[in-house]
Amino acid sequence: MELANQFILLSGALLLVAILAGVLSSRIGAPLLLVFLGLGMAFGEEGPGGIVFHDFNTAYAIGSLALAIILFDGGLRTSFSSLRIAWAPASLLATVGVALTAAMTGTFAWLVLDLSPLAALLVGSIVASTDAAAVFLLLHQRGMDLKRRVGTTLEVESGCNDPMAIFLTITLVELLLHGDGEIGWTVARTLGEQMGYGAVIGLAGGWLLAQVVNRLELAPGLYPVFVVAGALVIFGGTQELGGSGFLAVYLAGIIAGNRRLRANQLVRRFHDGIAWVSQIAMFMMLGLLVTPSSLAPDLVPALLIAGGLMFVARPLAVFLCLWPFRFKPEERLFIAWVGLRGAVPIFLAIIPVLGGIDHGIDLFNVAYIVVLTSLLLQGWTVPWLARRLDIELPPRPEPTGRFDMELMRGFDRELVGYRIAETSPMANHPIEDLRVPDRVRILAVLRDNAVVQRQLMKSLKPDDYLLALAPPEQVLLLDRQLLPSRRRSGRRSEPVLGDFAFPGASPVGALADVYDLPVTRREREMSLSDFLQSRLGKDCSVGDKLSLGAIELVVRSMEDGAVQEVGIWLEPAVPHLLPRGLARRVAGAGRFLRRNKTVRKLADDPPL
Amino acid sequence: MEIADMLSPEGVIPALRVTSKKQALQELARRAAEVVRQPERAIFEVLVERERLGTTGVGNGIAIPHGKLADLDRLHALFARLETPVDFDAIDEQPVDLVCVLLAPEQAGADHLKALARVSRLLRDRSVCEKLRGSDSRDAIYALLTEPANSRAA
C-alpha cells in the first residue's frame, strides 16, 4: 500500500519536474532531450535523487513502448505529399546509409577499443541509426521550419532506419553468442523477416485501424485511446512474429494519418500529449539507468568513436547515399550533421547486456557516451547550423491561440476560434481591416463574458475571442492576421524568402526587363512557374533556389505541384559556415603571395 | 552603393497624407518628378507597371516601389512615412506605412540591383523600422536612413 502511494507520488513528481524543466530549457535553448536525460541522472543513484534503477529488462520494455508511440505519432504527422518528395533519398539513407555508418563506426571502434572485429561492428551497429525521437523533437518543437525536402528526408529517414540498426544489432549479437553456423542464411532471413513483416503488417494494420475507427460508435474521448491501443497491438504483434515493430508502427501511423480519421483533432491532440510523455519517460529512464561514474573508464575511447561517427562515418555515408539525388552541398552537410543519436542506440545497447555478451556493459557505456556527445554537440548546434547554411524557412505563425473543431462529416469547413493577443497583428485595429477570405464566415466575437454586438464592434481587443467557419486551406490567412507574431530572441530579422515576391503566373520577360535576367527568348515567353520548374525540375519544393545572373529566384510556395509564388533575392546570400571575412582574407593572402612571386620573377628576368 | 548617394534630405517626406495605394504612388511620383526633373506621368507609369508584376509591399508595413527610367542621370531614392497606413496588397496582407521609392537609369544594371538590395536589407531590420516610425522630423529620418551600417550594428 505504502509502496504504491510512494510510486505514484514519485512518478507524478518526476513528470511535473520534467515538464517544468522543459519550459525552462526552451528559454535558454538547451536541447530538451538532454534536459530530460540530465534530470534522470540527477534523480539517479549518484545524484541528489538517489533512486537506484538497474533493471535492464524493465528499461527495455518501457523504452520499446515509448519508442513505438513516438514513431506512431511521427507517422501520423507525415503526409503523403511530403513522402513523395523524400521517400527515395530517405529509404536509401535508412538502409545502405545505416549499414555504411555501422561499418565505418565499427572500424573506429575496432581501432580504439580492445574488441574482436565482430564486437566492434556491433558497437558500430548500435550507434548507427538516426534517432526519430530526437529528430522529430528537434525539427518540430524547436519551431524550426526547414526546407521541406531536407526536413522530410530527415524525418522519414529517422522514422524508417531503426529496423536496419535493430536487425544489424540482433544479428551480430546472435553471431557473437552462437558462433558462426549458417551465417549467410540467418542474416538474409532475419533481414527479410524484419522488413517484410514490418512493412506488411504496418501497412495493413494502419489501413484496418482507420477503417475500424471510422465505423465504430464510441464515446468521443475513447477514439484516441483506441488508436493508441491499435498502434500498440500492431507493434507488439509484429515483434512477436519476428518482424520489425518499429517499422510497422511508423508505417501504420503514416497510413492512418493520411486517411481522414474520425475525431481527427482529438486523436492528434491526444497523441501530441502522449508522445511528449513518452519522450520524457524514455529519456528520464535512460538517465536513471546509467551510473555516471562507471562511464569514466570508457570516456576517452567512446569520445573518439563519437568523433569518428559524427565527423567521418555519418557525413561519408550521407554523401554516398545522396549522390544520385539533387541536393545542394550545404543541404547534404546539414543532413549529415542532423544524424542525431538518441534513445535507440542506448536501447539497442541493452540487447547485448541482456544477451549476456562479454563486455556487454562496456558496450552500453560506450553507446551512452556517444549518444550524450551527439545530443550535446549536434543537438545544440543544429538550429545555429540551419541558419548559417540557409536551410531554414520563414516561420509560419504558431498555432497557439487557435483552436479548431471539425463539425459534421462531409462538411468541409471547420469551426476555428482565436484568442486575440497583444501581439496579434490585428489587435486594436479596426475590424474592417480584417481580410476575410472566400468561404470564411465570422460567427461571433466574445469579450468580457459576452457576445459583442456586430454594430458595437469597432476593433479587436486583446483577450477577445473570435469564432469563424473556415475551410482548412484558408486558415493560414486568418492565422497570419490573428495569431500573435512569434518573437524570437536575439534575432534582428527573421528568415524570409526573397526581397520581393511574384505570382507564379507572371511572365518571365517582364521580370527580366526590370532585373536584367539572362534568359533566352523562348524562356521570356514562359510563366515564372513553368520557367522555374523547367530549370529546377518538376519536384522542386519551397525554399529551392535558382541562380540567375546576379540574382537568385526562390520558390516561396507550391500548390498542386505548381509553383505558386516566387521570390527574388537581389543579393544572394552565400552560405557561410566560417566567418564571413575569412575566405576574403585567405584569398587576399594568396594574391599577396602571388604578387610577390611575380615581382621577384620580373626582377629575375633580364630586361628585353 | 550607400543610401546617402541616392537620397537627399529633400527626398524624405516625414508625414505623407494618402488614403490608398494608388494615391500614394501618385503623390510619390509627383514629389519624385521635382527631385529628378522628369515627367511625373512617366514615373507613375513605371511604378504602376512594376506593381502589376507583383506587389512591392514586402511585409511588416514596408513597401519599396521601384523601376527604370530612360533619361535618368543616376539612381534616385525617395522615402515617405505615411500618416495613416494604407492597403498595399502586401505579401503579409498588412497595411503599409513606410515607403521607399527607388528609380534607376535604364543602363544601371548591377548598381540598380545592389541599391535595391541595400534598401531591402535596411528595411528588413525591425529595430530600424521602429525608429523610423517613431521619428517625425525630416532630419531624424534622413539620419536614420543614411547612418552607416556598422554603427547601427553596435
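Refer to the structure printed above.
As the structure is a prediction and not an experimental result, all values here were calculated from the model.

Along the backbone of chain B there are 6 helices and 6 strands. When the helices and strands of chain B are listed from N to C terminus, the series reads β-α-α-β-β-β-β-β-α-α-α-α. Out of the 154 residues belonging to chain B, those deemed buried represent 56%. Intrachain contacts of chain B at a sequence separation of at least 6 include 69% that bridge at least 24 residues.

This next bit is on unusual backbone geometry. Residue D516(A) is not a glycine yet carries a positive backbone phi of 50 degrees. The partly exposed category is assigned to D516(A), whose relative accessible area is 39%. With a phi close to 55 degrees, R37(B) is a non-glycine residue in the positive phi region. Looking at the element boundaries, R37(B) is found in the loop between α1 (21-36) and α2 (40-53). Among the residues examined, R37(B) registers a relative accessible area of 72% and is labelled exposed.

A few words now on the side chain of D73(A). Tracing the chain through its elements places D73(A) in helix α3 (residues 56-77). Residues contacting D73(A), with those up to four places away along its chain left out, are H271(A), D272(A) and A275(A).

Another point: the packing of aromatic side chains. All names here are of chain A. Applying the stated criterion to the full structure yields 5 aromatic pairs over all chains. Measuring from ring centre to ring centre gives 5.8 Å for F364 and Y368, while their planes differ by 50 degrees; the resulting arrangement is tilted. Of the two residues, F364 and Y368 both sit in helix α17 (residues 360-388), 4 residues apart, roughly one turn of that helix. Exposure class is identical for F364 and Y368. Each is buried. Ring centres of F502 and Y515 lie 6.2 Å apart, and the angle between their planes is 75 degrees; this geometry places the pair in the edge-to-face category. With F502 in strand β6 (residues 500-503) and Y515 in helix α19 (residues 508-515), this pair connects stretches of sequence that are 13 residues apart.

Contact with chain B, which involves 25 residues of that partner, is made by 27 residues of chain A. Interface of chain B and chain A: buried area, both sides summed, is about 2400 Å²; carbon and sulfur atoms make up 56% of it. Among the residues chain B hides against chain A, the three largest losses belong to L53(B), E93(B) and L113(B). Together they make up 28% of the total. Connecting chain B to chain A are 2 salt bridges. The shortest N-O distance in the salt bridge between D516(A) and K68(B) comes to 2.9 Å. At the junction of chain B with chain A, the criterion picks out 7 residue pairs in polar contact (both at pLDDT 80 or more). Of all the secondary-structure elements, those providing two or more residues to the side of chain B that touches chain A are α2, β4 (66-69), α3 (110-124) and α4 (126-134) of chain B. The element best represented in the side of chain B that touches chain A is α3(B), accounting for 8 residues.

Quick look at the nonpolar core now. In this structure, M282(A), F283(A), F334(A), F364(A), Y368(A) and L375(A) are the most contacted members of the largest nonpolar core, which totals 124 residues. When residues of this core are assigned to their parent elements, the largest contribution, 12 residues, is made by α17(A). Non-local contacts of M282(A), meaning those with residues more than four positions away in its chain, are made with G63(A), A66(A), L67(A), I70(A), A133(A) and A343(A). One finds V508(A), L553(A), I568(A) and L123(B) within the second-largest nonpolar core, a separate group that totals 53 residues.

With that out of the way, let us pick up the pairing of strand β6 (residues 96-105) of chain B. Consecutive side chains of a regular strand alternate in pointing toward one face of the sheet and then the other. Residue and element names in this part refer to chain B. For β6, a buried count of 10 out of 10 residues is recorded, marking the element as mostly surrounded by other parts of the structure. Bridge count for strand β3 (residues 62-63) against β6 is 2 bridges, and the pairing is parallel. Bridged to A63 within β6 is V99. Where strand β5 (residues 76-86) and β6 come together, 7 bridges link them in antiparallel fashion.

Turning next to the packing of α1(B) against α2(B). All names here are of chain B. Interaxial distance between α1 and α2 falls to 8 Å at its minimum, and their mutual angle equals 135 degrees. By the angle between their directions, the pair α1 and α2 is classed as oblique. For α1 against α2, the interelement crossing comes out right-handed. The residues of α2 that touch α1, namely those facing K21, K22, L25, Q26, A29, R30, A32, A33 and V36, are E40, I43, F44, L47, V48 and E51. Of the residues in the contact of α1 with α2, the class split is 9 nonpolar, 1 polar and 5 charged.

Reading the values: the criteria
Residues numbered from 1 in each chain as written. Chains lettered and ligands numbered in written order. Predicted model: local features only at pLDDT ≥ 70, side-chain atom pairs only at ≥ 80, totals over all residues. Heavy atoms only, no water. Helix = DSSP H or I, 4+ residues; strand = E, 2+ residues; numbered from the N terminus. Buried < 20%, exposed > 50% of the residue type's maximum accessible area, 1.4 Å probe, protein only. Contact = heavy atoms within 4.5 Å. Phe/Tyr/Trp six-rings, centres within 6.5 Å; stacked < 30°, edge-to-face > 60°. Buried area = accessible area lost by both parts, 1.4 Å probe. Salt bridge = Lys/Arg side-chain N within 4 Å of Asp/Glu carboxyl O. Polar contact = N/O pair within 3.5 Å; in protein donor to acceptor, adjacent residues only side chain to side chain. Core = buried A, V, L, I, M, F, W, Y, C linked by side-chain atoms within 4.5 Å. Pairing = 2+ DSSP bridges. Axes fitted to C-alpha atoms, helices over the stretch in contact; angles between N-to-C directions. Parallel < 35°, antiparallel > 145°, perpendicular 65-115°, else oblique. Left-handed = near helix turned anticlockwise from the far one by under 90°. Nonpolar A, V, L, I, M, F, W, Y, C, P; charged D, E, K, R; others polar.

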